[in-house]
Amino acid sequence: MFTGTKKQILELIKRYGAVSVDKTVSHTTLSRTTLREHFLQLERDGYIERNYLRSGPGRPALQYRLTKKGNSLYPSYEPELIKELLAFLKKQGAEKTIESFFESFWEERLEKAQFRMDSHSEKDLKKKLEGLAEMLEEEGFMPDFSLNEDENTLTVKECNCPFREVIKETRLPCKLEAIFFKNIFGEQTERTTYIADGDYACTYEIGLDK
């Protein structure tokens, strides 16, 4: 979590929905120039985005609002709520419904991943992998990709599990994530470390087709 001026800026945006640099000046002792630099850094890092508000004639006013990444800095009870929902559905005997939901969710993720990768040339493997890594980053997996072009292998580490609370009720996300990578890269895909077993990351060792 941020401290100092950046923390102040983010909390102002969180409280008001969107703020301008001028509005922020009145809440701090810093100059517009200094604050503008902080806004630019937060925007560059993906925590805030520009929002143009029109109110009457003239140019619309520039404001900033939090992105999904910015909102994720603040506490959320959603994971615990979803865990409780899954526990409730299991008690109601709705295991098939749970399974159908997760399978559908992962099918959509696979389509999204393939679209990201297919938007790049088939010959540009690195760009295709960047597209996949960007998607996993947005989803909160903190991915780390290591491509060994000499051996034609790829190591993918997911250093964070955004489903930590969910897998306390069902390991379906774990099973489907392994299938997800096999569907993308083929059968030469093996999960070698596993967060749910106490490892610091879920690691997938992948042999790439030549």
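Preceding block: the structure.
Presented here is an overview of the structure given in this document. (Residues numbered from 1 in each chain as written. Predicted model: local features only at pLDDT ≥ 70, side-chain atom pairs only at ≥ 80, totals over all residues. Heavy atoms only, no water.)

### Quick word on unusual backbone geometry
One non-glycine residue, Met142, adopts positive backbone phi at about 50°. Tracing the sequence through the fold places Met142 in the loop between helix H7 (125-138) and strand S3 (143-148). For Asn152, which is not glycine, the phi dihedral falls at a positive 55°. Under the relative-accessibility criterion, Asn152 is labelled buried at 18%. (Helix = DSSP H or I, 4+ residues; strand = E, 2+ residues; numbered from the N terminus. Buried < 20%, exposed > 50% of the residue type's maximum accessible area, 1.4 Å probe, protein only.)

### Re the environment of Glu139
With respect to the helices and strands, the residue Glu139 is situated in the loop between H7 and S3. For the pair Glu139 and Lys91, spaced 48 residues apart in sequence, the C-alpha to C-alpha distance is 29 Å. Residue contacts for Glu139: discarding those within four places in its chain leaves Arg109, Lys112 and Pro162. Among the polar contacts made by the side chain of Glu139, one reaches the side chain of Arg109 at a distance of 2.8 Å. (Contact = heavy atoms within 4.5 Å. Polar contact = N/O pair within 3.5 Å; in protein donor to acceptor, adjacent residues only side chain to side chain.)

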